[in-house]
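The residues making up each chain are set out below.
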Amino acid sequence: MALNWFKKKKHKQEEKMPSDQKIDEASEAFETEDVADTLPPGNNDDGKHQKLENETLPPPHTNDQETDQATSKKPSGFFKRLKGGLSKTRKLLSTDINELFAGNRKIDDELLEELEELLITSDIGVQTTMDLIQSISIKPSEISGPDQLKNILREKIQELLNATTKPSQEIVAKPHVIMVIGVNGVGKTTTIGKLAARFSSSGKKVIIVAADTFRAAAIEQLMIWADRAGADIIKHKEMSDPAAVAYDGIQAAVARDADIVLVDTAGRLHTRKNLMEELKKIKRTISKKLPGAPHEILLILDATTGQNALSQAESFNDALDVTGIALTKLDGTAKGGIVVSICNALEIPLNYIGVGEKIEDLQEFDPTEFVNALF
């Protein structure tokens, strides 16, 4: 099949994308625009910290949630919330695919073009969509209706997700240092708090390092989360050198025999200093104080930003060699396909997904469970 219609659709998609949804590949884009300012009220970290008083820590042991085919153990109701959060994306991949076959249509170039548009609309991404379409186009005789098409999509998406998903690694270093990065507004601080609660509830001694000294509410938020999670916090005054805070955090973790260190970092600097260079400095400082650290560099992305999240991941990964991703705000978005796009386009494991505000709404990513919720 000729690729001219792929190019045509890709060009159309780029024309449809608002300019303010694109991210400059240069790191200066992170300095000149405060992403949190462009998000609607309640969608950024500053608004979220007002809700912390209503959240409760999960008990040390939770009941297992069994799903149709999922093999992972989740708190009760997580799969239901995940499925609910992906409802808009699921409509695109289910109801709309059913409509493609109205009037007993068969697989042809025109139907494939319409299917491609559906997949791109769900933010699966152009390259991933092309891969999926190619898999379908080589075996049209096996597809006589929407059910067969959805089964092929399900199998192919499952393969893509499985290829990049890695089993959880046992934590052997002590302290185990996790440097958390991401632009403002993606839920970075909130995710740190939820991770601290998860580690604390499993018996780990946790230290949170408030190295985002450029945002007024960041330190305050982390203090609330640390108190909720039963974690220690290392902080300096506002506008302090972030690398110095990170250094003191590692020093305190060693002295206090901590198991886990979560280092918060800035998502935007309020000066003209290059954000990526500042993050590199923090990474070097941590490594000098504790050889081998940071053991993880966790990038937080907002699912509602769609392909913009993929651009952010590429920029951060080029600068810092990201080891894992946490994708927040999957609830209530029609862009759930970004999970597939991220896993296919980047060789970075998706470690966590978030589907709500509660602590237990952040869970380890399970490809099978996700595909079950998607279809």
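Note that the coordinates shown come from a computational prediction; the quantities given were computed from them, not determined experimentally.

Q: Whenever I open this one, the pattern of salt bridges confuses me. Can you help?
A: In a structure, side chains of opposite charge can pair up when their charged atoms sit close to one another. The tally for this structure, following the rule as stated, stands at 15 salt bridges. For the salt bridge of Arg-198 with Glu-364, the shortest nitrogen-to-oxygen distance reads 3.8 Å. Of the two residues, Arg-198 is situated in helix H11 (residues 188-201) and Glu-364 in strand S8 (residues 362-364); the sequence distance between them amounts to 166 residues. By relative accessible area, which is 23% here, Arg-198 ends up partly exposed.

Q: I tried to follow helix H13 (residues 242-255) on my own but got confused; where do I start?
A: Each full turn of the α-helix corresponds to 3.6 residues, which orients residues three or four apart in the same direction. Along its 14 residues, H13 runs 20 Å from first to last C-alpha, staying within 8% of the 20 Å computed at 1.5 Å per residue. The set of residues buried in H13 consists of Pro-242, Ala-243, Val-245, Ala-246, Gly-249, Ile-250, Ala-252 and Ala-253. Looking at the buried positions of H13, the neighbouring elements they touch are strand S1 (176-181), strand S2 (206-210), strand S3 (232-234), strand S4 (260-264) and helix H14 (275-289). Asp-257 sits one or two positions beyond H13 and adopts a positive phi of about 60°.

Q: Whenever I open this one, unusual backbone geometry confuses me. Can you help?
A: Leaving glycine aside, a negative phi is the common case for residues, and trans is the common case for peptide bonds. Omega for the bond connecting Lys-174 with Pro-175 falls within 30 degrees of zero, at 0°, which places this linkage in the cis form. Note the cis peptide between Ala-293 and Pro-294, where omega equals -5°. Along the chain, Pro-294 falls in the loop between H14 and strand S5 (296-302). At Asn-104, a position not held by glycine, the phi torsion is positive, near 55°. Of note, Asn-104 is situated in the loop between helix H7 (95-100) and helix H8 (109-121). One non-glycine residue, Asp-123, adopts positive backbone phi at about 70°. Within the fold, Asp-123 resides in the loop between H8 and helix H9 (126-137).

Q: Hey, could you run me through the packing of helix H10 (residues 146-164) against helix H17 (residues 367-374) in this one?
A: Helix-helix packing is described using two parameters, namely the angle between the two axes and the distance between the axes. Closest axis-to-axis distance for the H10/H17 pair is 9 Å, and the angle between their directions is 150°. Considering the angle they form, H10 stands roughly antiparallel to H17. Between H10 and H17 lies a crossing whose hand is right-handed. Facing H10, whose interface residues are Arg-154, Ile-157, Gln-158, Leu-161 and Asn-162, H17 presents Pro-367, Thr-368, Phe-370, Val-371, Asn-372 and Leu-374. Of the residues belonging to the contact of H10 with H17, the class tally is six nonpolar, four polar and one charged.

Q: What am I meant to see in the pairing of strand S6 (residues 324-328) here?
A: Residues in a regular strand point their side chains to alternate faces of the sheet. Burial of S6 is extensive: five of the five residues sit out of reach of the surface. Residues Gly-324, Ala-326 and Thr-328 of S6 are buried on one face, and the alternating residues Ile-325 and Leu-327, pointing to the opposite face, are buried as well. Where S5 meets S6, five bridges bridge the pair, whose relative direction is parallel. Of the residues in S6, the one forming a bridge with Leu-299 is Ile-325.

Q: Even after reading the chapter, I still don't get the environment of Ala-216, so can you show me in this structure?
A: Summarising the element assignment, Ala-216 is placed in helix H12 (residues 216-229). Spatially, the C-alpha atoms of Ala-216 and Glu-238 are 7.0 Å apart, while their sequence positions differ by 22 residues.

Here is what the cut-offs are and how they apply
Residues numbered from 1 in each chain as written. Predicted model: local features only at pLDDT ≥ 70, side-chain atom pairs only at ≥ 80, totals over all residues. Heavy atoms only, no water. Salt bridge = Lys/Arg side-chain N within 4 Å of Asp/Glu carboxyl O. Helix = DSSP H or I, 4+ residues; strand = E, 2+ residues; numbered from the N terminus. Buried < 20%, exposed > 50% of the residue type's maximum accessible area, 1.4 Å probe, protein only. Expected span 1.5 Å × (residues − 1). Contact = heavy atoms within 4.5 Å. Axes fitted to C-alpha atoms, helices over the stretch in contact; angles between N-to-C directions. Parallel < 35°, antiparallel > 145°, perpendicular 65-115°, else oblique. Left-handed = near helix turned anticlockwise from the far one by under 90°. Nonpolar A, V, L, I, M, F, W, Y, C, P; charged D, E, K, R; others polar. Pairing = 2+ DSSP bridges.

The analysis is restricted to geometry; functional conclusions fall outside its scope.
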